[in-house]
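Residue-level structural notes
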Amino acid sequence: MVKFGIEFVPKDVYWRTVYYAIQAEKGGFDNVWITDHFINRSVYVTLTLILNYTDRIKVGTGVTNPFLISPLATASNIASLNEVAPGRVVCGIGAGDLTTLEQAGVQVTKPLSAMREAVQMINALLKGEGLQNFEGTVFKVKSAKLAFKVRNPIPIYIGAQGAKMLKLAGEIGDGVLINASNPADIKEAVELVKEGASAVGRSIDNIDVAAYTAFSIHENEEKAFKTAVPVVAFIVAGAPEAVLEKHHINLEAAKKIKDALVKGDFPTAFSAVTREMADAFSLYGTPTQCIEKISQIVKAGVTQFVVGSPIGSNVRKAIDLVVKEVIPHFR
Amino acid sequence: MSNADLSEVVAKIPKSSRSSLSTQLTDILLNAKGGDKLPSSLAKSFLYLWQKGRLEEDEGMEVLLKAALALDAEATLKQLRESGLSEVAEAIQKAQQKGVI
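Residues numbered from 1 in each chain as written. Chains lettered and ligands numbered in written order. Predicted model: local features only at pLDDT ≥ 70, side-chain atom pairs only at ≥ 80, totals over all residues. Heavy atoms only, no water.

1. Observations concerning the overall build of chain A
To keep things clear, this is the line we draw: Numbering goes from the N terminus for both helices and strands, where a helix is a DSSP run of H or I of at least four residues and a strand is a run of E of at least two. The reference for a compact globule is 2.2 Å times residues^0.38; the radius of gyration itself is calculated from the C-alpha atoms. To sort residues, take the accessible area from a 1.4 Å probe on protein chains only and compare it with the maximum for the residue type: under 20% means buried, over 50% means exposed, and anything in between is partly exposed. Residues are treated as being in contact if the distance between any of their heavy atoms lies within 4.5 Å. Here the Shrake-Rupley method, with its probe set to 1.4 Å, supplies the accessible areas, and only the displayed protein chains count as covering residues. Positive residues here are Lys and Arg, negative ones are Asp and Glu, while His and the chain termini are left out of the count. Taken as the charge location is NZ of Lys, CZ of Arg, CG of Asp or CD of Glu.
Scanning chain A for helices and strands turns up 14 helices and 12 strands. Compactness check: chain A gives a C-alpha radius of gyration of 19 Å against a globular reference of 20 Å for 331 residues, within 12% of the reference. With the C-alpha coordinates aligned to their principal axes, the bounding extent of chain A is approximately 55 × 40 × 40 Å. Burial status across chain A gives 55% buried among its 331 residues. Long-range contacts, defined as pairs at least 24 residues apart, comprise 75% of the intrachain contacts of chain A with a sequence gap of at least 6. Total accessible area computed for chain A in this model is approximately 14,500 Å², and 52% of it derives from carbon and sulfur atoms. One finds the centroid of the 35 positive side-chain charges in chain A at a distance of 4 Å from the centroid of its 33 negative side-chain charges.

2. Considering the sheet that holds strand β7 (residues 156-160) of chain A
All names here are of chain A. To keep things clear, this is the line we draw: A pair of strands counts as paired when DSSP detects no fewer than two bridges linking them. Helix axes use the C-alpha atoms of the stretch in contact, all axes being lines fitted to C-alpha atoms, and the angles between their N-to-C directions lie in the range 0 to 180 degrees.
Judged by pairing direction, the barrel is parallel, and its eight strands sit side by side in the order β1-β2-β3-β4-β7-β8-β9-β12 before closing back on the first. Strand-to-strand twist of the sheet, defined as the mean angle between neighbouring strand axes without regard to direction, takes the value 25°. Note: strand β1 (residues 3-8) against strand β2 (residues 31-34), four bridges, orientation parallel. In the strand pairing of β2, F8 is matched with I34.

3. Here's the deal with the packing of helix α6 (residues 163-172) of chain A against helix α7 (residues 183-199) of chain A
Pairs of packed helices are described in terms of their axes, by the angle between the two and the distance that separates them. Residue and element names in this part refer to chain A. Applicable threshold: Orientation labels follow simple angle bins: below 35 degrees gives roughly parallel, above 145 gives roughly antiparallel, 65 to 115 gives roughly perpendicular, and whatever is left gives oblique. Helix crossings are classified by the rotation of the near helix relative to the far one: an anticlockwise turn of less than a right angle makes the crossing left-handed, while a clockwise turn makes it right-handed. Polar here means any residue other than Ala, Val, Leu, Ile, Met, Phe, Trp, Tyr, Cys and Pro, which are nonpolar, and Asp, Glu, Lys and Arg, which are charged; Gly is therefore polar.
One way to put it is that α6 packs onto α7 with a least axis distance of 6 Å and a crossing angle of 50°. Classified by the angle between their axes, α6 and α7 sit oblique to one another. Judged by the sense of rotation from one axis to the other, the crossing of α6 with α7 is right-handed. Each of A163, L166, K167, G170 and E171 in α6 lies in contact with α7, whose residues at this interface are A189, L192, V193, E195, G196 and A197. Grouping the amino acids of the contact of α6 with α7 by side-chain chemistry returns six nonpolar, two polar and three charged.

4. Remarks on the pairing of strand β5 (residues 131-135) of chain A
Residues and elements named next belong to chain A. Pairing analysis gives four bridges linking β5 to strand β6 (residues 140-144), with the strands arranged antiparallel. Counted as the bridge partner of Q132 is S143 from β6. Counting the residues between successive antiparallel strands, the hairpin from β5 to β6 contains four residues.

5. Some remarks on the packing of helix α3 (residues 71-84) of chain A against helix α5 (residues 111-126) of chain A
Residues and elements named next belong to chain A. At a closest axis distance of 9 Å, the pairing of α3 and α5 adopts a crossing angle of 40°. On the basis of the axis angle, α3 is oblique to α5. For the pair α3 and α5, the sense of crossing is right-handed. Contact residues: P71, L72, T74, A75, I78 and A79 in α3; A118, M121, I122, L125 and L126 in α5. Across the contact of α3 with α5, the residue classes tally to 10 nonpolar, one polar and no charged.

6. A short note on the interface of chain B and chain A
Note the following rule: Salt bridge, as used here: a side-chain nitrogen of Lys or Arg that lies within 4 Å of a carboxyl oxygen of Asp or Glu. What qualifies as a polar contact is a pair of N or O atoms within 3.5 Å, subject to a donor-acceptor requirement within protein and to the restriction that residues adjacent in sequence count only when both atoms come from side chains.
Each partner contributes residues to the interface: chain B has 20 residues there, and chain A has 17 residues. A salt bridge links R316 of chain A to D27 of chain B; the nearest nitrogen and oxygen atoms lie 2.7 Å apart. Counting across the chain B and chain A interface gives nine residue pairs in polar contact (both at pLDDT 80 or more). Put simply, the parts of the chain that give the side of chain B that touches chain A at least two residues each are α2 (15-31) and α3 (40-51) of chain B. For the side of chain B that touches chain A, the element with the highest residue contribution is α3 of chain B, accounting for eight residues. Taken together, the residues of the side of chain B that touches chain A sort by class into 10 nonpolar, seven polar and three charged.

7. Considerations on the environment of T100 of chain A
Residues and elements named next belong to chain A. In this structure, T100 sits in helix α4 (residues 98-103). Taking the C-alpha atoms as reference points, T100 and H37, 63 residues apart in sequence, are found 7.6 Å from one another. Residues within four places of T100 in sequence aside, it is in contact with H37 and F38.

8. Topic: the pattern of salt bridges
The full count for this structure, using the stated rule, is 20 salt bridges over all chains. Each member of the salt-bridge network shares a partner with another, and the members are D185, E188 and K246 of chain A.

9. Thoughts on the confidence of the model for chain B
What counts here: What pLDDT conveys is the predictor's confidence in a given residue, as a value from 0 to 100.
The predicted model of chain B has a mean per-residue pLDDT of 92, with 93% of residues at 70 or higher. Among the prediction metrics, the complex's ipTM stands at 0.95, with pTM recorded as 0.96.

10. Structural notes on the environment of P183 of chain A
Residues and elements named next belong to chain A. Mapped onto the elements, P183 comes out in helix α7. Taking the C-alpha atoms as reference points, P183 and M1, separated by 182 residues in sequence, lie 18 Å from one another. Leaving out residues up to four positions away in the same chain, P183 has contacts with K293, Q296 and I297.

Structure follows, in structure tokens:
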């Protein structure tokens, strides 16, 4: 049975995000994922509060990154969080959002090595082994060990989009957060995760394969599309040409969106987003349309479907729609 | 408005109206501008009662009304009137005029 996760961006006051997380738990969601961007509220404060106001749902970073936050700090944060609700915490980590990292003046080098080393470091600390004279190509640690014990295993999920990162996730992750919304892209990604797992003698059956989508639901399809538009505009603007071509997206139209976003001209950028673009980079529609698209994704081998932002024009009502009309179809 | 006054106001809300009213007041809370202005104690009570499924009880309705009035008094009073609870809206307005709310 496919699990359902939901992602929140903590850009609003904490109590609203916590309200939606409680709603998600009541509605049968299995996981809550909170994004980690320094411009927003702290992911760990938000997750701690969610754990305090929920009883069952699992929570995790969706995702933190090793360039801005040291993997040692991540291990400590995740281990501390786990003490609030043992067994309900997971760690999602990815190479990071290039735009945000550039804003922070952080240079992203060797993302594959960084991820491999970060996971190794976090695991070493969470398992109580610690690190002695760790000499990675990106990270070097003389000596590090948590001063407290983590009493249960904490799964690490790898946020991935590119082929190499997806294979790495299959190789070293307890889970993978596939950053895609289109069923064809997700099918391709699942195969790459499987390939990575097989290469080291692992079975994909032991990996929680999550489709981390840009999702928008509404009873009115046009409204669902309109809500997805801003997110799609940013995805199109940041997508490499090869990805745009793969989805038959007009490169000039994509450039127009990017230029407008750079100038802060959002109306021009958003009005240039087409249905083709939204189909390629988001999952939007009425409950019936969403069920159809999610079914295709589940068939591709996904074990968790993540309802990612924007979710809907009215988040409470959108969660309600997913709970009442979508989740029951898969249970 | 004192807690005693608010209890009297809440008592005027029929049980049959509470389910839809609690949802409508919640929507005011979730969508109002200036969410950071909600007093911390009210935010915590709101989340606790929501988690426990008690927003439709007297205590829950009190917290919802206090919180919604704190963030958007105009929309809250309008909602009460549209929900056929003009008497409740009037009682709150009188309290506001007296300066006790």
